[in-house]
Amino acid sequence: MNIFDQIAEAVIRRGDLAHLALFVWASGASGLLAMTLRDLFAANRRFDAFVRELSLFNRRHSGEP
């Protein structure tokens, strides 16, 4: 029996299903937040790379040294 089964069994034995449901909801919300932040940071890196390439292109084609 793994740790999650033991925790679930202990909570169910005490009759505390509301706390178990709240824990599952909070864990899911935290996981979704972590995934969203990871995607946001990746999009920010891609945008930064795009702006750098655009700046390089403009410098090359503007005639400035």
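Computed from a predicted model, the values in this text were never measured in an experiment.

1. Structural notes on the packing of aromatic side chains
Turning to step 1, where the next piece is worked out: Scanning all chains against the criterion turns up one aromatic pair.
Turning to step 2, where the next piece is worked out: With centroids separated by 6.5 Å and ring planes inclined at 35°, the aromatic side chains of Phe-47 and Phe-50 adopt a geometry described as tilted. Of the two residues, Phe-47 and Phe-50 are both situated in helix α2 (residues 17-61); the distance of three residues between them amounts to about one turn of the helix.
Turning to step 3, where the next piece is worked out: In this structure Phe-47 comes out as exposed when scored by relative accessible area, which is 53%.

2. Quick look at the UniProt feature "transmembrane region" (unreviewed entry) in the chain
Turning to step 1, where the next piece is worked out: The sites that UniProt annotates as "transmembrane region" (unreviewed entry) are residues 17-37.
Turning to step 2, where the next piece is worked out: For residues 17-37, the helix share is 100%, the strand share is 0%, and the end-to-end C-alpha distance is 30 Å.

Rules used in this analysis
Residues numbered from 1 in each chain as written. Predicted model: local features only at pLDDT ≥ 70, side-chain atom pairs only at ≥ 80, totals over all residues. Heavy atoms only, no water. Phe/Tyr/Trp six-rings, centres within 6.5 Å; stacked < 30°, edge-to-face > 60°. Helix = DSSP H or I, 4+ residues; strand = E, 2+ residues; numbered from the N terminus. Buried < 20%, exposed > 50% of the residue type's maximum accessible area, 1.4 Å probe, protein only. UniProt positions renumbered as here; feature names shortened; annotations may be inferred.

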